[in-house]
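Remarks on the overall topology
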Amino acid sequence: MAYKHGVYGSEVPTSLVPMTNVSAGLPVVFGTAPVHLATDPVKANVPVLCYTYAEAVAALGYSDDWRSYTLCEFMKSHFALFNMAPVVFVNVLDAAAHRTAVADEETTLAEGVATISDPVILSTLVVKKAAAGQPLVLDTDYTAAYNDEGKLVITALSGGELASETACILSYDRVNPAAVDGDDIIGGVNVVTGEYEGLELVHQVFPRFGLVPGIILAPGWSHLSAVAAVMKAKCENISGHFEAICICDVDTDTVTKYSDVSQWKNANNFVYKGQLLCWPKLTLGGVKYHFSTQLAGVICKTDAAHDDVPYWSPSNQSLQADGAVSGIDGAEKEIFLDTSNAAYLNGQGVITALNFIGGWKAWGNRTTVYPSVTDPKDAFVPIRRMFNWVNNTLVTSFWQKVDNPANKRLIATIVDSANVWLNGLTARGFILGGRVEFREDENPITDLMDGILRFHVFFTPPSPARDIEFIQEYDPDYLSTLFE
């Protein structure tokens, strides 16, 4: 050591670690988008983080045809109806693969303008005066651009070859959303490129954006049992460490009565602690929404109103709806449940819509594991989400301590920091109590030698007050007041 003479200072690590802020309800939504309408398109099977409606439209495009382009429904609901952000979108519609060729289509020009409803891929468009003629020149003979209604407008230019024509011949490739199926949503690892596709991309959300997935969704697809099974699988061990929930829908095309929901749920194996199941569809101003779409908005809005801590149930919180329906498009029937009908669904682990006091509200606290499992941490939605959130917060907070020397200072720092945090959650009413212990019986010598430390976390989120009862009794003693 060098010779010292004077006054010196040094530093030691802070004995308490500030806990990270983890969003409990970040939606990661899988589906199809009208990429031919996007001004700054993102490739298929590439997650995109959007904080505004404008960002989402620029990256993915927008169409009111929600059956073909399922991500647009979520854009409209989450950004416009619930005013929530951010959202991670994953579009699986690949314009390079999901396309259909159209050859030599004769199209009428009305005053030099032709309007095409097909989802034309602009880069493939060829315009000719006749089928055997030469292709005309863009921006010399004509212009081609999409209007606000998502239709392609071809305009003949003055002095160009189309200026005096009443018709033209078009050849192009059109986007074919019907070619997308459940396997595209499920995805996997491409055997040729090694790239992740579909639901497998949930593992890339945290490495790409530094945000922990909170809710996995696929409106328009989640009623398929194969898709729902993979959504369930992706709720655990995200990026090797994190946990989330998924929200799925009952197939309202085939399940039109509340009494048939439970049978459908069990037959299709919708049973999992981190899965929420919804029935029926919702309507607003004549527009239909998958319940899962709006429930995600309700959850995010409820979290935002309570410091982004998911201890508050989304049940009995307002939907953006003026009705509920089931049945095939064009032949739907309105659904009006009374409290006993809704309670039956809740008792089968299904969340529904109730118009009772205060307008249309989400109604139900149970995950799909109920009633086969009654453990509160698995069966109650807010408690399940609190366990996910606490796990995710501990992982992100103490990752910085990985590979530090496993000594008393490290153990004390983790225990003290986590306990201070849990005490704060208790004081604010987010949990009823909590503590962290480093227990000798859970840390055998051989594990300590191998660098493995285990901390036992005890905590109790409050259960939702699902049943409030008033007991009334006639008290004859009050008759004495007649003589006062």
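Note that the structure is a prediction, hence the values are computed from the model and not measured.

Cut-off values and rules
Residues numbered from 1 in each chain as written. Predicted model: local features only at pLDDT ≥ 70, side-chain atom pairs only at ≥ 80, totals over all residues. Heavy atoms only, no water. Helix = DSSP H or I, 4+ residues; strand = E, 2+ residues; numbered from the N terminus. Contact = heavy atoms within 4.5 Å. Lys, Arg positive; Asp, Glu negative; His and termini not counted. Charge placed at Lys NZ, Arg CZ, Asp CG, Glu CD. Core = buried A, V, L, I, M, F, W, Y, C linked by side-chain atoms within 4.5 Å. Buried < 20%, exposed > 50% of the residue type's maximum accessible area, 1.4 Å probe, protein only. Arc of directions from axis to C-beta. Pairing = 2+ DSSP bridges. Expected span 1.5 Å × (residues − 1). Right-handed = clockwise from strand over helix to strand, strands pointing away. Axes fitted to C-alpha atoms, helices over the stretch in contact; angles between N-to-C directions. Parallel < 35°, antiparallel > 145°, perpendicular 65-115°, else oblique. Left-handed = near helix turned anticlockwise from the far one by under 90°. Nonpolar A, V, L, I, M, F, W, Y, C, P; charged D, E, K, R; others polar. Phe/Tyr/Trp six-rings, centres within 6.5 Å; stacked < 30°, edge-to-face > 60°.

**Focus on the overall build of the protein chain**
The helix and strand inventory of the protein chain stands at 12 helices and 22 strands. Based on the C-alpha atoms only, the size of the protein chain along its principal axes is roughly 100 × 90 × 45 Å. Of the contacts made within the protein chain by residues no fewer than 6 positions apart, 68% connect residues no fewer than 24 positions apart. On the protein chain, the mean spot of the 32 positive side-chain charges and the mean spot of the 55 negative ones are 6 Å from each other.

**Overview of the nonpolar core**
Membership of the largest hydrophobic core comes to 107 residues, with the highest contact counts inside it found for F30, F89, I216, I247, W279, L295 and W389. Considering each element in turn, this core owes the most residues, seven residues, to helix α10 (residues 381-398). Setting aside anything within four residues of it in sequence, one finds L295 in contact with I247, L276, C278, P314, I351 and A362. Of all hydrophobic cores here, the second largest spans 19 residues; its members include V120, Y146, I154 and A156.

**Observations regarding helix α1 (residues 53-60)**
For the α-helix, the turn length of 3.6 residues means that residues three or four positions removed from each other point alike. For α1, the complete set of buried residues consists of A56, A59 and L60. An end-on view of α1 places all buried positions within 75° of arc, on one side of the element.

**Section: the sheet that holds strand β17 (residues 323-326)**
Spatially, four strands are ordered β16-β15-β17-β18 in an open sheet, and the strand pairing comes out antiparallel. The open sheet has two free edges, formed respectively by β16 (287-289) and β18 (333-334), since each of these has just one partner strand. Sheet topology note: the β17/β18 ladder contains two bridges and is antiparallel. Along β18, the bridge assignment pairs V325 with E334.

**Description of helix α7 (residues 291-304)**
Taking 1.5 Å of rise per residue, 14 residues should cover 20 Å, and α7 covers 20 Å from first to last C-alpha, within 8% of that figure. Here α7 lies mainly inside the structure; 12 of its 14 residues are buried. Of the residues making up α7, those classed as buried are F291, S292, T293, Q294, L295, A296, G297, V298, I299, C300, T302 and D303.

**Quick look at the pairing of strand β13 (residues 245-249)**
Where burial is concerned, most of β13 is hidden: five out of the five residues are buried. For strand β12 (residues 215-217) and β13, the ladder comprises three bridges, and the chain directions are parallel. Note on β13: the bridge partner recorded for I215 is I245. As for the winding sense of the linkage, the β-α-β connection from β12 through helix α5 (residues 225-233) to β13 is right-handed. Once the chain exits β13 it traverses helix α6 (residues 261-267) before rejoining the sheet at strand β14 (residues 275-278), and the crossover so formed is right-handed.

**A closer look at the pairing of β14**
In β14, alternate side chains face the same way, and those of Q275 and L277 on one face and L276 and C278 on the other are all buried. In this structure, β13 lies alongside β14, joined through four bridges in parallel fashion. If you follow C248 over to β14, its bridge partner there is L277.

**As for the sheet that holds strand β8 (residues 152-156)**
The antiparallel open sheet is built from three strands, whose spatial order is β5-β8-β7. On the outer flanks of this sheet lie β5 (113-116) and β7 (142-146), each paired with one strand and no other. Averaged over all pairs of adjacent strands, the angle between their axes in this sheet comes to 15°, without regard to strand direction.

**Things to note about the packing of α1 against helix α2 (residues 70-81)**
To describe two helices that pack against each other, one gives the angle between their axes and the distance between the axes. Running from N to C, α1 and α2 cross one another at 165°; their axes reach a closest spacing of 10 Å. Considering their axes alone, α1 and α2 lie roughly antiparallel with respect to each other. The way α1 lies across α2 gives a crossing that is left-handed. Along its contact with α1, which presents Y53, A56, V57 and L60, the element α2 presents L71, M75, K76 and F79. Split by residue class, the contact of α1 with α2 holds seven nonpolar, no polar and one charged.

**Describing the environment of A144**
Looking at the element boundaries, A144 is found in strand β7. When the C-alpha atoms of A144 and L125 are compared, they prove to be 8.9 Å apart, with 19 residues separating the residues in sequence.

**Some thoughts on the packing of aromatic side chains**
Here the structure, examined in full by the defined rule, presents 13 aromatic pairs. Centre to centre, the rings of F438 and F455 are 5.2 Å apart; their planes meet at 45°, and the pair counts as tilted. Placement of F438 in the loop between β21 (434-437) and α12 (445-449) and of F455 in the loop between α12 and β22 (456-459) is noted, with a sequence separation of 17 residues between them. Within the aromatic cluster, the residues linked to one another by ring pairs are F74, F79 and F89.

This is a description of form; function is not addressed.
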